Each structure stands twice: as structure tokens, then as C-alpha cells.
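The lines below spell out each chain.
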Amino acid sequence: MIILAEIDLPDLAETQAVAARLAPLLRPGDILAFDGTLGAGKTEFCRAMIHALGFADDVPSPTFNLVQVYEPSPEDMTTPAIWHMDLYRLESPEEAFELGIEEAFDTAVSLIEWPAKLGPYLPEGFLTCRLEIMADQGARKLTLIGDEQWRNRLGSILS
Ligand SMILES: Nc1ncnc2c1ncn2[C@@H]1O[C@H](COP(=O)(O)OP(=O)(O)OP(=O)(O)O)[C@@H](O)[C@H]1O
Ligand SMILES: [Mg+2]
């Protein structure tokens, strides 16, 4: 795993802009693991990606449901389904199978807050998106960590 980018996000608008640049690269089978403390901006980042992919509805935080699924309309052959998960309240890694994570990993883009809750069941090849709260009010730092394949795919947004 290599650090692919460190991106300053001075305000929420910049977080949304970076998320919107990343969103079009996503394809079924991708797993994005969002690390960061409470309030770091994981949900805001996911929400902005989901909106950028054209899902116009509300994007509530999956704090209590653990999973929110966004399905493209049947005639839309390009937009992937998105599973947005917040596993903070998961009591054991095994419980994740009841949510249908295997289907998500196979057929959708998985955006996972609190991915460590999956323990050994987080498949290889994920992109870590680490959000940190900076001393400056409202500022965040995004660190992207992944493999060579992610480096190649992210090329256009990293430069
Ligand atoms: N640069 C920024 N990027 C993202 N969010 C920001 C930024 N500046 C301020 N914020 C605020 O920080 C909060 C981030 O909340 P969010 O729900 O996204 O956090 P989270 O990481 O998902 O937390 P949790 O672990 O509780 O799910 C929001 O209230 C948002 O308005
Ligand atoms: Mg959240």
C-alpha cells in the first residue's frame, strides 16, 4: 500500500469538489474504506460522491440502518449501484453478512465508514480514504492510500 495523495480540504465546498472528481472513476467492485474520527467528514465526502453520480435524493447518514443503497434506473447502463455503509454500530464482523455485503462487493461500489469493523472480511484491493480534522476551523486533510492499480486509475485526479 502506498500513499497516493495528500489533499488539503480547506472547507466543505472543497471536500465536495474533490469527491465529485473522484466519483466518475468508480466502477462495480470498488471498495472505498473511509478512515477518520467522528465528524471528520466521511459522510459528507460520500454524500458528495453519491450526488455527483446523479442520485438526486437525500443522502442520509447510514448511522442507524448501517447501509443505504442507491440503485441507478434500469435504463442507466453506466452508473454503478452504490452501497453506502456506516459500520460503527456493527457488533461483530459476521453481522455484516446479514447486511448483504457480499452482493455489494461483487456488484456495486462500496463506500464504507468504519471499515475496521469488518475485521478480516474487508477484501483486498480497497482504496483507503483517510480524513483528518486540521487545527484550522473547517479544514480537513484527505490521504488516499492504495495499490498500483489505484495509482493508475487516480492518475488524472492526482495531478
Ligand atoms: N472541509 C470539510 N470537509 C468535510 N466536512 C466538513 C468540513 N468542514 C467542516 N465540516 C463539517 O464537519 C462535519 C462532518 O460530518 P460527517 O457526518 O461527514 O462526519 P463523519 O466522518 O461521517 O462522522 P461519523 O463518524 O460520525 O459518521 C459536518 O458537519 C461538516 O459540515
Ligand atoms: Mg458518517
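Rules behind the numbers
- Residues numbered from 1 in each chain as written.
- Chains lettered and ligands numbered in written order.
- Predicted model: local features only at pLDDT ≥ 70, side-chain atom pairs only at ≥ 80, totals over all residues.
- Heavy atoms only, no water.
- UniProt positions renumbered as here; feature names shortened; annotations may be inferred.
- Donors = N, O, S within 2.8 Å, 3.2 Å for Na, K, Ca; no water.
- Helix = DSSP H or I, 4+ residues; strand = E, 2+ residues; numbered from the N terminus.
- Buried < 20%, exposed > 50% of the residue type's maximum accessible area, 1.4 Å probe, protein only.
- Near = heavy atom within 4 Å.
- Polar contact = N/O pair within 3.5 Å; in protein donor to acceptor, adjacent residues only side chain to side chain.
- Areas by Shrake-Rupley, 256 points an atom, 1.4 Å probe, with all protein chains shown as cover.
- Nonpolar A, V, L, I, M, F, W, Y, C, P; charged D, E, K, R; others polar.
- Pairing = 2+ DSSP bridges.
- Arc of directions from axis to C-beta.
- Contact = heavy atoms within 4.5 Å.

Per an unreviewed UniProt entry, the chain is named tRNA threonylcarbamoyladenosine biosynthesis protein TsaE, and its organism is Paremcibacter congregatus. Quoted verbatim from the Sequence similarities (unreviewed entry) heading of the UniProt record, the comment on the chain is "Belongs to the TsaE family." The UniProt entry for the chain carries the following comment under Subcellular location (unreviewed entry): "Cytoplasm".

A. Inspection of the coordination of the magnesium ion (ligand 2) at higher detail. The protein atoms that coordinate the magnesium ion (ligand 2) are Thr 43 (OG1) and Glu 113 (OE), at distances of 2.0 to 2.1 Å. One end of the pair, Thr 43, is in helix H2 (residues 42-52); the other, Glu 113, is in strand E5 (residues 109-113), with 70 residues separating them in the sequence. Each member of the pair, Thr 43 as well as Glu 113, carries the same accessibility label: buried.

B. How the structure looks around H2. If you check which residues of H2 are buried, you get Lys 42, Thr 43, Phe 45, Cys 46, Ala 48, Met 49 and Ile 50. Following H2 by one or two positions, Gly 54 adopts a phi angle in the positive range, close to 100 degrees.

C. Structural view of the site of ligand 1. Taken together, 17 residues lie around ligand 1, and Thr 15, Gly 39, Lys 42, Thr 43 and Gly 138 are the ones closest in. The contact in question runs from an oxygen atom of ligand 1 to an N or O atom on the backbone of Gly 39, over 2.9 Å. Glu 44 is positioned such that a nitrogen or oxygen atom in its backbone is 2.9 Å from an oxygen atom of ligand 1. When the free accessible area of ligand 1 is taken as 650 Å², the share hidden by the protein chains comes to 74%. Within the residue set of the shell around ligand 1, elements represented by two or more residues are helix H1 (12-22) and H2. Top contributing element to the shell around ligand 1 by residue count: H2, with three residues. In terms of residue class, the shell around ligand 1 is built from five nonpolar, six polar and six charged.

D. A look at the pairing of strand E4 (residues 82-86). In terms of burial, E4 is largely enclosed, as five of its five residues are buried. Here E4 shows a buried face lined by Ile 82, His 84 and Asp 86 and a second buried face lined by Trp 83 and Met 85. Examined bridge by bridge, strand E3 (residues 67-70) and E4 share four bridges and lie antiparallel to one another. Bridge pairing in E4 links Gln 68 to His 84. Of the strand pairs in this sheet, E4 and E5 are connected by five bridges, and their pairing is parallel. The partner of Asp 86 across the bridge, within E5, is Glu 113.

E. Representation of unusual backbone geometry in the model. With a phi angle near 75 degrees, Leu 66 is a residue other than glycine that sits in the positive phi range. Turning to its location among the elements, Leu 66 is positioned in the loop between H2 and E3. Its identity as a non-glycine residue notwithstanding, Trp 114 has a phi of 60 degrees, on the positive side. Here Trp 114 shows up in the loop between E5 and strand E6 (127-133).

F. Representation of helix H5 (residues 148-158). Along H5, the residues that are buried comprise Trp 150, Arg 153, Leu 154 and Ile 157. Summarising the axial view, the buried residues of H5 lie within an arc of 85 degrees, below the 170-degree limit, and thus occupy one face. Seen from the open side of H5, the exposed residues pointing more than 90 degrees away from its buried face are Asn 152 and Ser 156. Looking at the packing, one finds that the buried side of H5 touches strand E1 (2-9), H1, strand E2 (31-35), E6 and strand E7 (140-146). Sitting at the head of H5, Asp 147 places a side-chain oxygen 3.2 Å from the backbone nitrogen of Gln 149.

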